[in-house]
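Residues per chain, in single letters:
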Amino acid sequence: MSLERIDRQGLVLLGCGKMGSAMLEGWLARGVAPSSISVIDPYPSDRLESLAQQGLRLNEAPPKDPAICILAVKPQMMTDALPQISDLAQGGTIFLSIAAGSTLAYFERVLGDKAAIVRAMPNTPAAVGRGITAIVGNGAAGAEALDLAEELLQAVGQTVRIEDEAQMDAVTAVSGSGPAYVFHMIEAMAAAGEAQGLDPELAMTLARATVAGAGVLAEQADETPERLRVNVTSKGGTTAAALAVLMDDQTGLAQLMRRAVNAAADRSRELGE
Ligand SMILES: NC(=O)c1ccc[n+]([C@@H]2O[C@H](COP(=O)([O-])OP(=O)(O)OC[C@H]3O[C@@H](n4cnc5c(N)ncnc54)[C@H](OP(=O)(O)O)[C@@H]3O)[C@@H](O)[C@H]2O)c1
């Protein structure tokens with residue numbers, strides 16, 4: 001029902017790079033009309049230019065009272081970019097930021113604390129409808145604002161609501177940045193296969209399909225990831241030999257992941273300062 005409000009009043013997307021365009025594709029696939037969407041981006045992609053032929057408003061003045069305005073520029077660009085849409089804060093437009101680190105308090109300082117502002121952290125699997133996004137709203141964001149933001153984000157995957165904005169740094173470090181860790185794991189597995197003498201293409205095919213298949217299994221199986229790991233591990237076999245390395249208390253993946261996630265969360269907090 002809320003997406004009808006977007007068809008009626010419109011949606012403004014400020015910044016349409018990797019994450020903005022992933023979400024845009026999801027909304028279009030869910031039936032949001034290109035003519036309901038306004039995009040502001042200094043260097044529009046060919047895809048945006050072609051959507052403009054189908055009615056999308058590209059770098060035009062935004063509609064007077066759009067239902068929602070998505071803030072999808074880099075946090076470092078936000079202060080320069082916001083003046084282009086700050087007039088919308090005078091009406092009933094809901095603001096939905098996906099910027100890492102940028103806090104609700106920061107947006108309230110720029111847009112005013114009467115504006116309904118939702119802070120979200122999506123991830124790039126949104127491009128294939130398999131993202132996960134956490135959301136939290138400011139004091140002015142009531143149920144209607146959160147529902148609309150959530151419905152938009154559900155067009156590109158799952159959503160979770162968090163109560164405490166401070167958790168957003170950890171969320172960013174786990175699921176926002178997390179796809180990059182998994183892609184790096186594919187790269188590392190393929191490189192390790194090559195080091196064992198596999199042809200690079202074959203090593204990459206094996207690594208990619210293994211991570212993708214394990215991901216689907218982890219999602220669909222009733223068993224926990226721990227149980228699924230045990231199911232692969234024959235006593236005295238090859239997996240046990242590998243896991244002795246990967247699960248070493250001092251040098252294993254768990255320690256490494258803890259340090260990586262800590263670094264990302266620290267950076268998210270720094271971006272918010
Ligand atoms: N990528 C991810 O995995 C991910 C996940 C979750 C959240 N995020 C958040 O999403 C936001 C965008 O990230 P991204 O990876 O999509 O970055 P991106 O690809 O660089 O997209 C940002 C877009 O904003 C445009 N832009 C720059 N200045 C602008 C201005 N003044 N007005 C309007 N548009 C402007 C950029 O154009 P130019 O390229 O020409 O500068 C670019 O197209 C960031 O805040 C990030 O923290 C990203």
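- The protein chain goes by Pyrroline-5-carboxylate reductase in an unreviewed UniProt entry, where it is assigned to Pontivivens nitratireducens.
- The UniProt entry for the protein chain carries the following comment under Pathway (unreviewed entry): "Amino-acid biosynthesis; L-proline biosynthesis; L-proline from L-glutamate 5-semialdehyde: step 1/1."
- The UniProt entry for the protein chain carries the following text under Subcellular location (unreviewed entry): "Cytoplasm".

**Some thoughts on the overall build of the protein chain**
Part 1: A tally of helices and strands in the protein chain yields twelve helices and eight strands.
Part 2: If you line up the protein chain on its principal axes, its C-alpha atoms span 70 × 40 × 35 Å.
Part 3: Within the span of the protein chain, comprising 273 residues, buried residues form 41% of the whole.
Part 4: Considering only contacts within the protein chain whose residues lie at least 6 apart along the sequence, 61% involve residues at least 24 apart.
Part 5: Total accessible area on the protein chain is roughly 15000 Å²; 55% of this is exposed by carbon and sulfur atoms.
Part 6: Counting 21 positive and 33 negative side-chain charges, the protein chain places the centres of these two groups 2 Å from one another.

**Quick look at the pattern of salt bridges**
Part 1: Applying the stated criterion across every chain, the model contains ten salt bridges.
Part 2: When the shortest N-O distance is used, the salt bridge between Asp-147 and Arg-161 registers 2.8 Å. Of this pair, Asp-147 sits in helix H6 (residues 143–154) while Arg-161 sits in strand S8 (residues 157–161), placing them 14 residues apart in sequence.
Part 3: For Asp-147, a relative accessible area of 40% corresponds to the partly exposed category.
Part 4: Arg-161 sits in the partly exposed class, given a relative accessible area of 37%.
Part 5: The network of salt bridges with shared partners includes Asp-147, Glu-150 and Arg-161.

**Some words on the site of the ligand**
Part 1: In the vicinity of the ligand, 23 residues are found, and the nearest of them are Lys-18, Met-19, Asp-41, Val-73 and Ala-100.
Part 2: Taking Asp-41, its side chain carries an N or O atom lying 2.6 Å from an oxygen atom of the ligand.
Part 3: Here the ligand, which alone exposes 880 Å², has 78% of that area covered by the protein.
Part 4: In this structure the site holding the ligand corresponds to the second largest pocket.

**Side note on the pairing of strand S1 (residues 11–14)**
Part 1: Alternating residues of S1 divide into Leu-11 and Leu-13 and Val-12 and Leu-14, and every residue in both groups is buried.
Part 2: Both S1 and strand S2 (residues 37–40) contribute to a ladder of four bridges, which runs parallel. Among the inter-strand pairings, Val-12 is bridged to a residue of S2, identified as Ser-38.
Part 3: Of the crossover connections in this fold, the one passing from S1 over helix H2 (residues 18–29) to the parallel S2 is right-handed.
Part 4: Pairing geometry for S1 and strand S4 (residues 68–71), over four bridges, is parallel. Bridge pairing in S4 places Leu-11 opposite Ile-68.

**A word on the UniProt feature "binding site: NADPH" (unreviewed entry) in the protein chain**
Part 1: According to UniProt, the "binding site: NADPH" (unreviewed entry) feature falls on Asn-59.
Part 2: Tracing the backbone shows Asn-59 in the loop between strand S3 (57–58) and S4.
Part 3: Among residues more than four places away in sequence, those in contact with Asn-59 are Val-39, Ile-40, Asp-41 and Pro-44.

**Side note on the environment of Pro-44**
Part 1: Tracing the backbone shows Pro-44 in the loop between S2 and helix H3 (46–53).
Part 2: Taking C-alpha positions, Pro-44 is 7.6 Å from Cys-16, a pair spaced 28 residues apart along the chain.

**Here's the deal with the packing of helix H8 (residues 178–195) against helix H9 (residues 200–220)**
Part 1: At a minimum axis separation of 8 Å, H8 and H9 run at an interaxial angle of 140°. It follows that H8 is oblique to H9 by the angle criterion. Seen from above, H8 lies across H9 with right-handed handedness. Here H8 contributes Val-182, Ile-186, Met-189, Ala-190, Gly-193 and Glu-194 to the contact with H9, which in turn contributes Pro-200, Ala-203, Met-204, Ala-207, Arg-208, Thr-210 and Val-211.
Part 2: Per-class residue counts for the contact of H8 with H9 are nine nonpolar, two polar and two charged.

Cut-offs and rules
Residues numbered from 1 in each chain as written. Predicted model: local features only at pLDDT ≥ 70, side-chain atom pairs only at ≥ 80, totals over all residues. Heavy atoms only, no water. UniProt positions renumbered as here; feature names shortened; annotations may be inferred. Helix = DSSP H or I, 4+ residues; strand = E, 2+ residues; numbered from the N terminus. Buried < 20%, exposed > 50% of the residue type's maximum accessible area, 1.4 Å probe, protein only. Contact = heavy atoms within 4.5 Å. Areas by Shrake-Rupley, 256 points an atom, 1.4 Å probe, with all protein chains shown as cover. Lys, Arg positive; Asp, Glu negative; His and termini not counted. Charge placed at Lys NZ, Arg CZ, Asp CG, Glu CD. Salt bridge = Lys/Arg side-chain N within 4 Å of Asp/Glu carboxyl O. Near = heavy atom within 4 Å. Polar contact = N/O pair within 3.5 Å; in protein donor to acceptor, adjacent residues only side chain to side chain. 1 Å grid on protein atoms, 1.4 Å probe; cavity = no way out; pocket = protein on both sides within 12 Å on 5 of 7 lines; lining within 4 Å. Sits in = over half its atoms within 2 Å of the grid points. Pairing = 2+ DSSP bridges. Right-handed = clockwise from strand over helix to strand, strands pointing away. Axes fitted to C-alpha atoms, helices over the stretch in contact; angles between N-to-C directions. Parallel < 35°, antiparallel > 145°, perpendicular 65-115°, else oblique. Left-handed = near helix turned anticlockwise from the far one by under 90°. Nonpolar A, V, L, I, M, F, W, Y, C, P; charged D, E, K, R; others polar.

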